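Listed below, chain by chain, are the residues.
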Amino acid sequence: MKKTFLLMAALLMMGSAAFAGGGFDLAIGPKVGYQTAKLSYDKADIKSGFSNHFTAGLFGRVTIGRLYVQPEVLYFKTSNVFDVDVTGTGTGNLFNIPTGADVNLTLNQMNLQVPVMIGVNIIDLDIVTLRAQVGPTANFTLKSKTLVDYSYSATNDEGATITQEGDYNTDDNMFDTKTISWGLQAGLGVDVLKRITLDINYNFGLSKMFKNLNNTELGNYFDFGNTENTRQNMFMVTVGVKLL
């Protein structure tokens, strides 16, 4: 992570120095957006994306002719729902959830994403610039919180139905917050009046984000059976403003 930040700083300083000499074009500024599994032009879907999967951060861009390098630092929230099996009861179970209960576990995480995009200006006009870009991305989990809700129904020896339900929150020390996942982003961007930027990228998850969940403290109480399909594949839609 430290090496990535140093790379970003070095690129921006090189661009700033060269820009002063007229060799490069340097841009830097804030950006906001959202993540979504499916692109939609519906106003309600876009509003829901900003509400539930808001993304904010900074971007820099060093342009040489038609080519550019664009490192970013983005802060965002993700939520993942798992169907889990209870592995113990009583003192051996974190919430005293009976074996056989229907359990949903939601893992909410705050993340820092650092993509480094390499792109080309396909159309470069004063009014609008159309760009294509691709590059690697590293996702760092900063903090996580686990939400557990369950329901249980059974018949006792007397034939009576016993029901039980509940929901719990846990602290993030039950999950390895040093988890890093890797991805590859590709997409298109548009600059309007050389100032406003719109980027639509798709992140291809290269890492199985939660493949080691059964080896964490949570794995002492629950069996995560669906961790093989946990690559982070999603669209990232962001709007930025060039301050330089």
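Since the model is a prediction, treat every value here as computed from it, not as a measurement.

Asks: Please clarify how the pairing of strand S4 (residues 102-124) should be interpreted in this entry.
Replies: Successive side chains on a regular strand alternate, one facing one side of the sheet and the next facing the other. Here strand S3 (residues 67-86) runs beside S4; their pairing, made up of 16 bridges, is antiparallel. What sits directly across from Lys77, in S4, is Met110. Of the pairings in the sheet, the one linking S4 to strand S5 (residues 128-155) comprises 20 bridges and is antiparallel in character. Of the residues in S5, the one forming a bridge with Asp102 is Ser151. Two successive antiparallel strands, S4 and S5, enclose a turn made up of 3 residues.

Asks: Would you mind going over the packing of aromatic side chains with me for this structure?
Replies: Aromatic ring pairs are defined here through the distance separating the ring centres and the angle between the ring planes. Counting across every chain of the model gives 2 aromatic pairs. For the ring pair Tyr202 and Phe235, a centre distance of 4.7 Å and an interplane angle of 65° mean the geometry is edge-to-face. Placement of Tyr202 in strand S8 (residues 196-205) and of Phe235 in strand S10 (residues 234-241) is noted, with a sequence separation of 33 residues between them. A relative accessible area of 22% places Phe235 in the partly exposed class. Of note, Arg61 hangs over the ring of Tyr68, and the distance from its end group to the ring centre comes to 5.2 Å.

Asks: Would you mind showing me how to read the pattern of salt bridges here?
Replies: The full count for this structure, using the stated rule, is 7 salt bridges. Between Arg61 and Asp191 there is a salt bridge whose closest N-O contact spans 2.6 Å. A residue pair is termed long-range when its members are at least 10 positions apart, and Arg61 in strand S2 (residues 54-64) and Asp191 in strand S7 (residues 180-192) qualify at 130 residues. In terms of burial, Arg61 and Asp191 fall into one category: buried.

About the criteria used
Residues numbered from 1 in each chain as written. Predicted model: local features only at pLDDT ≥ 70, side-chain atom pairs only at ≥ 80, totals over all residues. Heavy atoms only, no water. Pairing = 2+ DSSP bridges. Helix = DSSP H or I, 4+ residues; strand = E, 2+ residues; numbered from the N terminus. Phe/Tyr/Trp six-rings, centres within 6.5 Å; stacked < 30°, edge-to-face > 60°. Buried < 20%, exposed > 50% of the residue type's maximum accessible area, 1.4 Å probe, protein only. Lys NZ or Arg CZ within 6 Å of the ring centre and 35° of its normal. Salt bridge = Lys/Arg side-chain N within 4 Å of Asp/Glu carboxyl O.

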